Amino acid sequence: MGEEISKEIVVDGVDPRELYGAQDVYLEQIRALHPALRIVARGSSLKVLGARSAAERFERRMQGLIDYYLKYGHISREVVAQAFAASGLAADEAPADRDVIVYGNNGTTVRARTPNQQRLVQLFAGCDLLFAVGPAGSGKTYTAIALAVRALREKTVRRVILTRPAVEAGEKLGFLPGDMKEKLDPYLQPLYDALNDMIPPAKLQKYMEEGTIQIAPLAYMRGRTLDNAFVILDEAQNTTLPQIKMFLTRMGRNAKFIVTGDVTQIDLPRKGDSGLTRAMEILRDVAGIGMVAFDRRDIVRHELVKQIVDAFDRCGEGERPSDRTECKS
C-alpha cells in the first residue's frame with residue numbers, strides 16, 4: 001500500500017450546494033466511486049485522505065468536474081460518473097444533449113423549442129447583430145438571454161448587458177414609489193426572471209455586483225462603447241428611430257447584439273414613432289445582420305396565449321367583437 005496523504009481541494013467560484021447536489025446526492029455518488037478514500041466536505045473545500053496516487057488522481061478528476069460546472073452550470077449523475085471514469089471529463093467537452101442552449105438551475109435545460117427559436121440560435125453563429133420580432137410568449141427574449149448566458153460561461157464575452165426602454169404601459173413612472181432604480185426595476189423584471197432561471201442566485205448576485213451582468217434602461221447606454229459584450233435590447237418596439245440608432249452604434253469590438261420586440265405592443269404615445277420596423281428595413285441588406293420573424297406558432301406559454309394573440313389579430317385592438325362579424329365564432 002502506498003504512502004497516505006491528506007489533500008485539501010478548494011471549490012473555487014462554485015456554490016458547494018450546486019456542486020454537491022440536493023441533499024449531497026452528487027457528493028455521495030463521488031464517495032461511492034472512491035471507497036478507498038476518505039472524503040470530507042467542509043464548506044468551500046474538500047479534504048481527501050488516502051494513498052498518494054489515488055488522492056492525486058481524485059484531485060485531477062475533481063478539478064475537471066469543477067471546470068465543467070463553471071462552463072456549463074450543470075451537473076448530473078452522468079456527468080459525475082464521466083468525470084471520475086478512466087478517461088476523465090474534458091472541460092471543453094460538450095454536454096451529451098447537443099440540442100440544449102444552456103443548463104439552468106437544478107439541472108433544468110433551456111433549449112430552442114420551435115423552428116424560429118432554432119433559427120435564431122443558428123443565425124447567432126454567423127451574425128454579430130440579430131433582430132428577433134414577434135408576438136408575446138414566442139421565446140424571443142428568453143432564447144436571447146440563454147445565448148448570452150452560454151457565451152458568458154464559454155468566456156467568448158466578458159459581460160452581458162440587458163436593456164429595455166422605460167416606457168409605461170398605463171402607469172406613470174412618477175406615480176410609482178421609491179428611487180429611480182426602484183421605479184425602473186418593474187420594467188426590467190422579465191429580464192431578472194429569465195436570468196434567475198439560468199444562473200444560481202448567489203452567482204447571479206455576484207455577477208451583478210461586479211458588473212459582469214448589467215441590467216439598465218436604454219437611456220443609460222448613450223455615450224458607451226460596448227466591447228467584448230453580449231448586449232440585448234428588449235421591447236425595442238418602444239424605441240424611436242434615433243434611439244435604436246443610438247443603441248446599435250454602441251457596438252464595440254467582439255460584441256454580439258440581439259434586438260427583440262413585438263410591433264403589436266407599442267406603448268409609445270404615437271405608435272408611428274416606433275423605430276423598430278423602420279430600422280429593420282434600413283438594415284435588411286447589410287451583411288452580418290440576421291433577422292428572424294417569430295409568429296404565433298412559436299408561442300410557448302399557456303395554450304390560451306396563442307388563441308388570445310389570434311383573436312386580437314382578427315379583431316384589431318380597441319374594437320369589440322360585435323363591431324366586426326368576422327370576429328364572432
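Reading the values: the criteria
- Residues numbered from 1 in each chain as written.
- Predicted model: local features only at pLDDT ≥ 70, side-chain atom pairs only at ≥ 80, totals over all residues.
- Heavy atoms only, no water.
- Helix = DSSP H or I, 4+ residues; strand = E, 2+ residues; numbered from the N terminus.
- Buried < 20%, exposed > 50% of the residue type's maximum accessible area, 1.4 Å probe, protein only.
- Contact = heavy atoms within 4.5 Å.
- Areas by Shrake-Rupley, 256 points an atom, 1.4 Å probe, with all protein chains shown as cover.
- Phe/Tyr/Trp six-rings, centres within 6.5 Å; stacked < 30°, edge-to-face > 60°.
- Lys NZ or Arg CZ within 6 Å of the ring centre and 35° of its normal.
- Pairing = 2+ DSSP bridges.
- Axes fitted to C-alpha atoms, helices over the stretch in contact; angles between N-to-C directions.
- Parallel < 35°, antiparallel > 145°, perpendicular 65-115°, else oblique.
- Left-handed = near helix turned anticlockwise from the far one by under 90°.
- Nonpolar A, V, L, I, M, F, W, Y, C, P; charged D, E, K, R; others polar.

Asks: What am I meant to see in the overall build of the protein chain here?
Replies: Of regular secondary structure, the protein chain possesses 11 helices and 11 strands. Here the protein chain holds 329 residues, and the buried ones make up 48% of them. When contacts within the protein chain are restricted to residue pairs at least 6 apart in sequence, long-range pairs at least 24 apart make up 69% of them. When the accessible area of the protein chain is evaluated, it comes to approximately 17500 Å², of which 50% is carbon and sulfur surface.

Asks: What is the right way to look at the packing of aromatic side chains in this model?
Replies: The relation between two aromatic rings is expressed through the spacing of the ring centres and the mutual angle of the planes. Overall, the coordinates contain three aromatic pairs when judged by the stated rule. Seen in terms of ring centroids, Phe-124 and Phe-230 are 5.4 Å apart; in terms of plane orientation they differ by 25°. Their pairing is stacked. On the criterion of sequence distance, the pair formed by Phe-124 in helix 5 (residues 115–124) and Phe-230 in strand 9 (residues 229–233) is long-range, its members being 106 residues apart. Residue Phe-124 shares its accessibility class with Phe-230, and that shared class is buried. The side chain of Lys-256 reaches across the aromatic face of Phe-124, ending 4.5 Å from its centre.

Asks: Can you walk me through the sheet that holds strand 9 in this structure?
Replies: Picture the strands of a sheet paired through backbone hydrogen bonds; they go either parallel or antiparallel. Strand order in this open sheet of six strands is 8-7-9-10-6-11, and the pairing throughout is parallel. Bordering the open sheet on either side are strand 8 (213–217) and strand 11 (289–293), each of which pairs with just one other strand. Within the sheet, the average angular offset between the axes of one strand and its neighbour, ignoring direction, is 15°. As paired strands, strand 7 (residues 159–164) and strand 8 are joined by five bridges and run parallel to one another. Opposite Val-160, over in strand 8, you have Ile-213 as the bridge partner. This element, helix 10 (residues 276–283), spans strand 6 (129–133), strand 10 (256–261) and strand 11 of the sheet and lies at about 135° to strand 6.

Asks: Would you take a moment to explain the packing of helix 9 (residues 241–248) against helix 10 for this structure?
Replies: Relative placement of two packed helices is described by the angle separating their axes and the distance separating the axes. Following both chains from N to C, one finds helix 9 and helix 10 inclined at 55°, their axes separated by 8 Å at the closest point. Overall, the two elements helix 9 and helix 10 adopt an arrangement that is oblique. Along this stretch, helix 9 crosses helix 10, giving a crossing that reads as right-handed. In contact with Leu-241, Ile-244 and Leu-248 of helix 9, helix 10 contributes Leu-276, Arg-278, Ala-279, Ile-282 and Leu-283. Along the lines of polarity and charge, the residues of the contact of helix 9 with helix 10 split into seven nonpolar, no polar and one charged.

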